[in-house]
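# Understanding the architecture of this molecule
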Amino acid sequence: MTFASERYASRRDTLAFIVCLLLSVAARMTPAAWHDRVSDGLRGTLLRPLVAMQGWAESVRTTRRRFARVVAERDSAVVVATLAEALREENAQLRAVLGLRERLPARHVAAEVLHQSLPTDGYTLLISAGSRQGVRVLAPVIAPGGLVGVVRSVGGSTSVVVAWAHPDFRASAMTADGAVFGIAGPYGGADPGSLLLELRGVPYREELIPGTRVYTSGLATGEGGIYPRGIPIGTILSVGEEMAGWARTYLVLPAVHPASISHVIVLLDTRVELTGAFAAPQP
Amino acid sequence: MNAKRGAYRLRAVLLLLVVLHFTLRPWLGDPRPAPDFLVLALLVYALRARPGGAAVAGFTIGLLGDALTPVAFGAGALAHTVVGYLAAWGKAIFFAENLAVNAGFFFAGTWVRDLLVLVGGGHVQGTELVWQLLLWSPLKAATTALVGVMVLLIFRRWLAIRITE
């Protein structure tokens, strides 16, 4: 460890700086497959104890929160007669969070989201499940509210998920009745609605009213397709763009916000229908 | 204080910050405004190191950050390299023992890091970039500066830093 005995940047300092800059630029320009290999390697070696520590901290935090919730429920039971309605509502919310796993007709793994400090956190998510838990690349990732994204790379005990907010994300989507299809992707507009999705390529003759729910279509699942049918993607907000006489693009309010979720479920089977697994949205 | 003991103490403080980043940070709620202990460790190191050493430390921290958030691999390394180098270089030229100046140093370092990651990555654009740079990054920079001031106050002897009010 060097200390600043001289308070100026020497030629050696400048050289070190330039080398590091060049290495950074080289890393930035290398192919994505190489990024994933290096990232997986670093997470499996140098970062492994640190990520394990973070996973442990997340588990403890969750356990404490659940304990507090149980204590609160116990206390609530004392005044159940007066608070029956509130308790029912709370229970409904708890079931929504905890019950999804029971309703899923597919093999799955639950994982914690290990949020990072870089401002790009939310475009990808690091989760606390990897190949040891059976996670594989291109496995769909969901939360109690709906679709989160897809697994991009898998390490031993962690995986990287590309969330729907990532510019590369696309999913084949449909309405609940299966009458209208389109492609869902992140909305890249330059207004505060940039935390939205958009549904592209909806035929001009089909009109979707605000409030219509959008689900994954499950097209070609198991034959190159990724997402099983019936995972909520979001709710139609408004028409975003019209391609004269040909197709419309709709803005979609996402069912899940990647930056604010703490737990996800990774689906290990994709040839399933999930429409019945998700609770209807609260009015 | 001899240099060897000083180096060990600095390492201990840096290690503490790294551990806090992975254990305390998950407890602080929304991760967007939560303090970034890793960039703080880099800036504390830059207070004591030569610019070249701080650049190498920045590159290492940035690369590890990129491995955890591989949205724009290399952007984090680039940003931390620049911040580490400039922080050590700037500290050498505009050295101050004032607590407010140090807080500003931590704030600016964190905000500039976010700016470079976002611009270098190129994934965040338009109003979302503005929101990130004018809301979330300043909030994170402020909480990081607050923690940084606390670290300086608590460990000023270990870090051999004289602080005036």
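Residues numbered from 1 in each chain as written. Chains lettered and ligands numbered in written order. Predicted model: local features only at pLDDT ≥ 70, side-chain atom pairs only at ≥ 80, totals over all residues.

## Here we look at the overall build of chain B
Of the regular secondary structure elements, chain B holds six helices and zero strands. Along chain B, from the amino end to the carboxyl end, the secondary structure elements read α-α-α-α-α-α. Overall, chain B is about 50 × 30 × 30 Å in size when its C-alpha atoms are taken along their principal axes. Of all 165 residues assigned to chain B, the portion counted as buried reaches 53%. Excluding contacts between residues fewer than 6 apart, the proportion of contacts in chain B whose partners are at least 24 apart in sequence is 70%. (Helix = DSSP H or I, 4+ residues; strand = E, 2+ residues; numbered from the N terminus. Buried ≥ 20, exposed ≤ 12 C-beta atoms within 10 Å, placed from the backbone. Contact = placed C-beta atoms within 7 Å.)

## Re the overall build of chain A
Scanning chain A from terminus to terminus reveals five helices and twelve strands. Among the 283 residues that make up chain A, the fraction classed as buried is 40%. A separation threshold of at least 6 residues defines the contact pool for chain A, and within that pool the share at least 24 residues apart is 61%.

## Some thoughts on the pairing of strand 8 (residues 197–203) of chain A
Along any regular strand, the residues point their side chains to alternate faces of the sheet. All names here are of chain A. Judged from the four bridges that link them, strand 7 (residues 181–186) and strand 8 form a sheet pairing that is antiparallel. Bridging across to strand 8, Pro186 finds its partner in Leu197. Sheet topology places strand 8 next to strand 11 (residues 247–254); five bridges connect them, and they run antiparallel. Directly across from Pro203, in strand 11, lies its bridge partner Ala247. (Pairing = 2+ DSSP bridges.)

## Some details on the domain arrangement of chain A
Where interface size is quoted, it is often the accessible area lost as the parts come together. All names here are of chain A. Domain boundaries in chain A define domain 1 (48–163) and domain 2 (171–256). Contacts between domain 1 and domain 2 engage ten residues on the former and ten residues on the latter. Among the elements of the structure, strand 3 (140–143) and strand 4 (146–154) are those that each provide at least two residues to the side of domain 1 that touches domain 2. Looking at the side of domain 1 that touches domain 2, the element that brings in the most residues is strand 4, giving four residues. Residue classes in the side of domain 1 that touches domain 2 are distributed as eight nonpolar, two polar and no charged. (Domains from an automatic or database assignment. Nonpolar A, V, L, I, M, F, W, Y, C, P; charged D, E, K, R; others polar.)

## Considerations on the pairing of strand 5 (residues 159–163) of chain A
Residues and elements named next belong to chain A. Across the five residues of strand 5, five count as buried, placing the element largely inside the fold. Of the two faces of strand 5, the one carrying Ser159, Val161 and Ala163 and the one carrying Val160 and Val162 are both buried. Bridging between strand 2 (residues 124–127) and strand 5 involves four bridges; their strand directions are antiparallel. Residue Leu125 lies in a different strand from strand 5, and its bridge partner there is Val161. Where strand 4 and strand 5 come together, five bridges link them in antiparallel fashion. Along strand 5, the bridge assignment pairs Val151 with Val161. Where strand 4 folds back onto strand 5 in an antiparallel hairpin, the turn is made up of four residues.

## Let's talk about the interface of chain A and chain B
Each partner contributes residues to the interface: chain A has 49 residues there, and chain B has 53 residues. Of all the secondary-structure elements, those providing two or more residues to the side of chain A that touches chain B are helix 1 (11–29), helix 2 (32–44), helix 3 (48–78) and strand 2 of chain A. Here the side of chain A that touches chain B gets eleven residues from one element, more than from any other, and that element is helix 1 of chain A. Class assignment of the residues belonging to the side of chain A that touches chain B gives a composition of 28 nonpolar, eleven polar and ten charged.

## What about the sheet that holds strand 2 of chain A?
All names here are of chain A. Strand order across the open sheet formed by six strands is 1-12-3-4-5-2, with antiparallel pairing between neighbours. Of all strands in the sheet, those with a lone pairing partner are strand 1 (108–112) and strand 2, marking the two edges. For this sheet the average axis-to-axis angle between neighbouring strands, irrespective of direction, equals 35°. Sheet topology note: the strand 3/strand 4 ladder contains four bridges and is antiparallel. Paired with Val141 across the strands is Gly149, a residue of strand 4. (Axes fitted to C-alpha atoms, helices over the stretch in contact; angles between N-to-C directions.)

## Section: the nonpolar core
Within the largest apolar cluster, 112 residues are counted, with the highest numbers of intra-cluster contacts made by A:Ile233 and A:Val266. Here the element with the most residues in this core is helix 2 (residues 37–48) of chain B; it accounts for eleven residues. Built from parts of two domains, this core gets at least three residues from each of domain 1 (48–163) and domain 2 (171–256) of chain A. If sequence neighbours within four positions are ignored, A:Ile233 has contacts with A:Gly146, A:Leu147, A:Ala171, A:Ala173, A:Ala184, A:Leu197, A:Val214, A:Tyr215, A:Thr216, A:Val252 and A:Ala255. (Core = buried A, V, L, I, M, F, W, Y, C linked by C-beta atoms within 7 Å.)

## Brief notes about the packing of helix 2 of chain B against helix 3 (residues 51–68) of chain B
Residues and elements named next belong to chain B. Running from N to C, helix 2 and helix 3 cross one another at 175°; their axes reach a closest spacing of 10 Å. It follows from the interaxial angle that helix 2 and helix 3 lie roughly antiparallel. Seen from helix 2, the contacting residues are Leu38, Leu42, Tyr45 and Ala46; seen from helix 3, they are Ala54, Ala57, Gly58, Ile61 and Gly65. Grouping the amino acids of the contact of helix 2 with helix 3 by side-chain chemistry returns seven nonpolar, two polar and no charged. (Parallel < 35°, antiparallel > 145°, perpendicular 65-115°, else oblique.)

## Focus on helix 5 (residues 99–121) of chain B
Residues and elements named next belong to chain B. Taking 1.5 Å per residue, 23 residues should reach 33 Å; helix 5 reaches 33 Å between its end C-alpha atoms and fits that length. Among the residues making up helix 5, those that are buried are Asn102, Phe105, Phe106, Phe107, Gly109, Thr110, Trp111, Arg113, Asp114, Val117, Leu118 and Gly121. Its buried side turned inward, helix 5 meets helix 2, helix 4 (75–93) and helix 6 (126–154). Of the residues one or two after helix 5, Gly122 is the one with positive phi, at around 75°. (Expected span 1.5 Å × (residues − 1).)

## Digging into unusual backbone geometry
A positive phi angle is found at A:Leu138, which is not glycine, with a value near 70°. Structurally, A:Leu138 is set in the loop between strand 2 and strand 3.

## Digging into helix 1 of chain A
Taking 1.5 Å as the rise per residue, helix 1 of chain A with 19 residues should run 27 Å; its terminal C-alpha atoms sit 27 Å apart, in good agreement. For helix 1 of chain A, the set of buried residues is A:Asp13, A:Ala16, A:Phe17, A:Cys20, A:Ser24 and A:Ala27. Here the buried residues of helix 1 of chain A occupy an arc of 100° about the axis, which is enough to place them on one side. Set apart from the buried face of helix 1 of chain A by more than 90 degrees, the exposed residues are A:Arg11, A:Leu15, A:Leu22, A:Ala26 and A:Met29. Elements that come into contact with the buried residues of helix 1 of chain A comprise helix 3 and helix 4 of chain B. (Arc of directions from axis to C-beta.)

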